[in-house]
Amino acid sequence: MRRPHTLLATLLLAAGTAAAQDYGQAATLKIWDNTTAPHSNGIATPEREPEPNRIADVSQAVLYIFPADPAKATGQAVVICPGGGYVKLCIDYEGYDMAKWFAANGITAAVLKYRMPNGHPEVPLEDVEQALRIMMGLEAGATGFTAGKVGIVGSSAGGHLAASASTLAETKPAFSILFYPVITAEKGKGHQGSFNALLGGSRNAESDTWYSLQNRVTAQTPPTLLLLSDDDKVVPPVNGILYYNALKEHGVKASMHIYPTGGHGWGIRDHFEYKEQWQQATLDWLKKLNEA
């Protein structure tokens, strides 16, 4: 895969750019599109928002950056990958709302609007790896927002993407936080729709095994926090458990919280009964990680 040596993007101040979506971010960074990226997802139709904050047919990768509260800055940053089954992005409660919470707690957050795979599994992975490189300062474009420790956050299919960056990417995050992640393609355990969208018509037993990420964990996989619900019927908690077991088999630091109820897709929504618990657990884990 060819990799550009310089970022093919322009930093746009959200307040002064009509083309930028205004989610309350300090800056918007276009990473690339199907023409300038290493690979295309083949989507030529315009991006759609079939309902508010649900973005489909994404063919342009964009970062929305929320800087850390200077009074609480920890020196950490996260790239956030919203879920949506690899067919859309739930950009609010698994994206910019979550980013605002991280930023308020001293962690710079960059929400990634990644391109839909549309049967091209390399596409979202190259988007997230480039986003990590940007936030690490290894690629140009995010001066003033970079951090020494850049982790990744992902929910549902975005959790699969975050775990892919943690296992398959050349440039790996410093840590990962996975909310009810899609991990395995095994029948009866995985979210088949996510793998159908990721792999398309080329899906077969070999690709299922390759992209079942419990099989891809190594000792180089970063420390991981997993946040699950016991009653999740959409992405059963066995997904996270398989990943946790693989991490421990390879000696990787990991912590897992399985909440009794909540179902799937709670993100940072207020109705989730254990919202305060996951938030405190996350901050405690990040603090301990920062001190290690």
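Residues numbered from 1 in each chain as written. Predicted model: local features only at pLDDT ≥ 70, side-chain atom pairs only at ≥ 80, totals over all residues. Heavy atoms only, no water.

The name given to the chain in an unreviewed UniProt entry is Alpha/beta hydrolase, and the organism recorded there is Alistipes onderdonkii.

Thoughts on the overall build of the chain
Of regular secondary structure, the chain possesses 7 helices and 12 strands. In summary, the chain has a C-alpha radius of gyration of 17 Å against a globular reference of 19 Å for 292 residues, a match within 12%. Over its C-alpha atoms, taken along the principal directions, the chain stretches across nearly 50 × 45 × 35 Å. Long-range contacts, defined here as pairs at least 24 residues apart, represent 73% of the contacts in the chain between residues at least 6 apart. Entry remark: accessible area of the chain is about 11600 Å², with carbon and sulfur atoms responsible for 52%. When the 24 basic and 28 acidic side-chain charges of the chain are each reduced to a single mean position, those positions are 3 Å apart. (Helix = DSSP H or I, 4+ residues; strand = E, 2+ residues; numbered from the N terminus. Rg over C-alpha atoms; globule rule 2.2 N^0.38 Å. Contact = heavy atoms within 4.5 Å. Areas by Shrake-Rupley, 256 points an atom, 1.4 Å probe, with all protein chains shown as cover. Lys, Arg positive; Asp, Glu negative; His and termini not counted. Charge placed at Lys NZ, Arg CZ, Asp CG, Glu CD.)

Structural notes on the packing of aromatic side chains
Taken as a whole and judged by the stated rule, the model has 15 aromatic pairs. Each residue in the set Trp101, Phe102, Phe179, Tyr180, Tyr259, Trp266, Phe272, Tyr274 and Trp278 is aromatic and connected to the rest through ring pairs, giving one cluster. (Phe/Tyr/Trp six-rings, centres within 6.5 Å; stacked < 30°, edge-to-face > 60°.)

A short note on the packing of helix H1 (residues 92–104) against helix H7 (residues 275–291)
At a minimum axis separation of 12 Å, H1 and H7 run at an interaxial angle of 50°. It follows from the interaxial angle that H1 and H7 lie oblique. In terms of crossing hand, the pair formed by H1 and H7 is right-handed. For the pair H1 and H7, contact is made by Met98, Trp101 and Phe102 and by Trp278, Gln279, Thr282, Leu283 and Leu286, respectively. Within the contact of H1 with H7, the residues separate by chemical class into 6 nonpolar, 2 polar and no charged. (Axes fitted to C-alpha atoms, helices over the stretch in contact; angles between N-to-C directions. Parallel < 35°, antiparallel > 145°, perpendicular 65-115°, else oblique. Left-handed = near helix turned anticlockwise from the far one by under 90°. Nonpolar A, V, L, I, M, F, W, Y, C, P; charged D, E, K, R; others polar.)

Considering the pairing of strand E6 (residues 76–81)
Burial of E6 is extensive: 6 of the 6 residues sit out of reach of the surface. Burial of E6 is two-sided: the residues Gln76, Val78 and Ile80 facing one way and the residues Ala77, Val79 and Cys81 facing the other way are all buried. Pairing of E6 with strand E8 (residues 108–113), which is carried by 4 bridges, proceeds in the parallel orientation. By the bridge assignment for E8, Ile80 is matched with Val111. (Buried < 20%, exposed > 50% of the residue type's maximum accessible area, 1.4 Å probe, protein only. Pairing = 2+ DSSP bridges.)

Observations regarding the environment of Val62
Position of Val62 relative to the elements: it lies in strand E5 (residues 60–66). Since its relative accessible area comes to 4%, Val62 is described here as buried. Sequence separation between Val62 and Lys288 is 226 residues; the distance between their C-alpha atoms is 31 Å.

Brief notes about helix H3 (residues 157–167)
A large share of H3 lies buried, amounting to 11 of its 11 residues. Within the span of H3, buried status applies to Ala157, Gly158, Gly159, His160, Leu161, Ala162, Ala163, Ser164, Ala165, Ser166 and Thr167.

Observations concerning unusual backbone geometry
Backbone geometry places Asn53, a non-glycine residue, at a positive phi of 65°. Structurally, the position occupied by Asn53 is in the loop between strand E3 (48–51) and strand E4 (54–56). The class for Asn53 is buried, based on a relative accessible area of 17%. Positive phi, normally seen in glycine, also occurs at Tyr86, with a value near 65°. By the element assignment, Tyr86 lies in the loop between E6 and strand E7 (88–90).

Let's talk about the pattern of salt bridges
Applying the stated criterion across every chain yields a total of 11 salt bridges. Of the charged contacts, one joins Arg133 and Glu139 as a salt bridge, the two residues approaching to 3.5 Å between their closest N and O atoms. There is no split in this pair, since Arg133 and Glu139 are both buried. For Asp270, the salt bridge identified is with Lys275, shortest N-O distance 2.4 Å. Within the structure, one salt-bridge network assembled from shared partners comprises Arg115, Glu126 and Asp127. (Salt bridge = Lys/Arg side-chain N within 4 Å of Asp/Glu carboxyl O.)

Quick notes on the side chain of Gln279
Along the chain, Gln279 turns up in helix H7. Among the residues examined, Gln279 registers a relative accessible area of 12% and is labelled buried. In contact with Gln279, not counting residues within four places along its chain, are Trp101 and Ile268.

Observations regarding the sheet that holds E7
The 3 strands lie next to each other as E3-E4-E7, forming an open sheet whose pairing is antiparallel. What marks the edges here is a single partner per strand, and that holds for E3 and E7. Sheet twist, expressed as the average angle between the axes of neighbouring strands with direction ignored, equals 30°. With 3 bridges connecting them, E4 and E7 associate as antiparallel partners. Looking across to E7, one finds that Arg54 is bridged to Cys90.

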